[in-house]
Amino acid sequence: MAMKSKVLIIGGTGYLGKRLVKASLGQGHETYVLHRPEIGVDIEKVQMLLSFKQQGAHLVSGSFSDQQSLVNAVKLVDVVICAISGVHIRSHQILLQLKLVHAIKEAGNVKRFLPSEFGTDPARMENAMEPGRVTFDDKMVVRRAIEEAGIPFTYVSANCFAGYFLGGLCQPGFILPSREHVSLLGDGNQKAIYVDEDDIATYTIKTIDDPRTLNKTVYIRPPKNILSQREVVQIWENLIGKELHKSSISAQEFLASMKEQNYAEQVGLTHYYHVCYEGCLANFEIGEGAEEASKLYPEVKYTSVEDYMKRYL
């Protein structure tokens, strides 16, 4: 049996990163987590790092402000996974990965790099609106740098994080479902794809030693979770045994209200617009040069939308 790759996870204390650490350890990989000296007195992050250590992970000191420390960290492993935030309402750090690309190239030992993607495939968003397109543009800058450096890669497109979308019944600004009312975005019939964050991590780690995913985009499209907003609402109504009052927000109303928000909010709302009004996640077939995770790994028992939403009862 082939040896499992050693994995370095950058952004390991973040929303997805902590799940990637758990999945990597759970799947038997020797796992390293970058520990940045800038952590200061953030006690929650320090305690999370220590818990990773207790579970068997190695903590490695390194910083984007110290290039040699990145090179040294990269030299310890076979695979690098970056999960630093690309969400403006948290912190948008996508272009920091250019330093990581340089470190990986200098180290010369990495068999696979998975940059911070995990959402909409940026290669399909060349016509995205301002200001939200900055997220996709920055990710494409990183992709070009990876490919120009000749670094082996896998790009993971995980679509909608369930916690952000299902919790609020696909309404921006809500992460807990109402038992009274829901605002439908347009007619509420555009399909999107919702994935449990733990499942995203599980599928991601599955790809790293898989030759079928080398230098490809992997889309996570669990078949039961390709649903419209109306279908998500219907599932919730069935769970609570009650029909919600429904109103609708037209595309014009959504765009007009978006302009009243600050820049970071506008970036996120632009993404909502493309997903919920245009159906950008599910309106295409996966073609050559890409793979679909639930087909590659049928042994993974992914969480359905209905099962995910039971936690809110």
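Figured I'd write up the structure that's included with this text. Source: prediction; values computed, not measured.

With that settled, the discussion passes to the packing of aromatic side chains. When we look at a pair of aromatic rings, we describe it by the centre distance and by the angle of the planes. For the structure on display, the rule yields ten aromatic pairs. Their ring planes at 15° and their centres at 4.2 Å tell us that Phe-153 and Tyr-155 sit as a pair that is stacked. Using a relative accessible area of 9% as the deciding quantity, one classes Phe-153 as buried. Judged by its relative accessible area of 2%, Tyr-155 is buried. Note on Phe-254 and Tyr-273: the rings are 6.3 Å apart at their centroids and 35° apart in plane angle, and the pair reads as tilted. Highlighted residues: Phe-254 in helix α9 (residues 251-258) and Tyr-273 in helix α10 (residues 263-276), separated in sequence by 19 residues. One aromatic cluster in this structure is built from Tyr-15, Phe-161 and Tyr-164. Across from the ring centre of Phe-284, 4.5 Å away, lies the NZ or CZ of Arg-221, which sits over that ring.

Another aspect to go through is the layout of surface pockets. Each pocket or cavity is described by its volume, and for the second largest pocket that value is around 240 Å³. Taken together, 15 residues line the second largest pocket, and the ones lying closest to its centre are Met-3, Lys-4, Ser-5, Asp-209 and Asp-210. Taken together, the residues of the lining of the second largest pocket break down into six nonpolar, three polar and six charged.

Here we take up the sheet that holds strand β8 (residues 154-157). What the three strands build is an open sheet, ordered β8-β12-β15; its pairing is parallel. Sheet topology places β8 and β15 (290-292) at the edges, where each strand pairs with a single neighbour. The sheet shows a mean angle of 25° between the axes of neighbouring strands, direction not considered. Pairing geometry for strand β12 (residues 216-219) and β15, over three bridges, is parallel. Residue pairing in the sheet places Thr-217 in a bridge with Ala-290 of β15.

Here is what the cut-offs are and how they apply
Residues numbered from 1 in each chain as written. Predicted model: local features only at pLDDT ≥ 70, side-chain atom pairs only at ≥ 80, totals over all residues. Heavy atoms only, no water. Phe/Tyr/Trp six-rings, centres within 6.5 Å; stacked < 30°, edge-to-face > 60°. Buried < 20%, exposed > 50% of the residue type's maximum accessible area, 1.4 Å probe, protein only. Helix = DSSP H or I, 4+ residues; strand = E, 2+ residues; numbered from the N terminus. Lys NZ or Arg CZ within 6 Å of the ring centre and 35° of its normal. 1 Å grid on protein atoms, 1.4 Å probe; cavity = no way out; pocket = protein on both sides within 12 Å on 5 of 7 lines; lining within 4 Å. Points joined across faces, edges and corners; volume = space filled by probe spheres on them. Nonpolar A, V, L, I, M, F, W, Y, C, P; charged D, E, K, R; others polar. Pairing = 2+ DSSP bridges. Axes fitted to C-alpha atoms, helices over the stretch in contact; angles between N-to-C directions.

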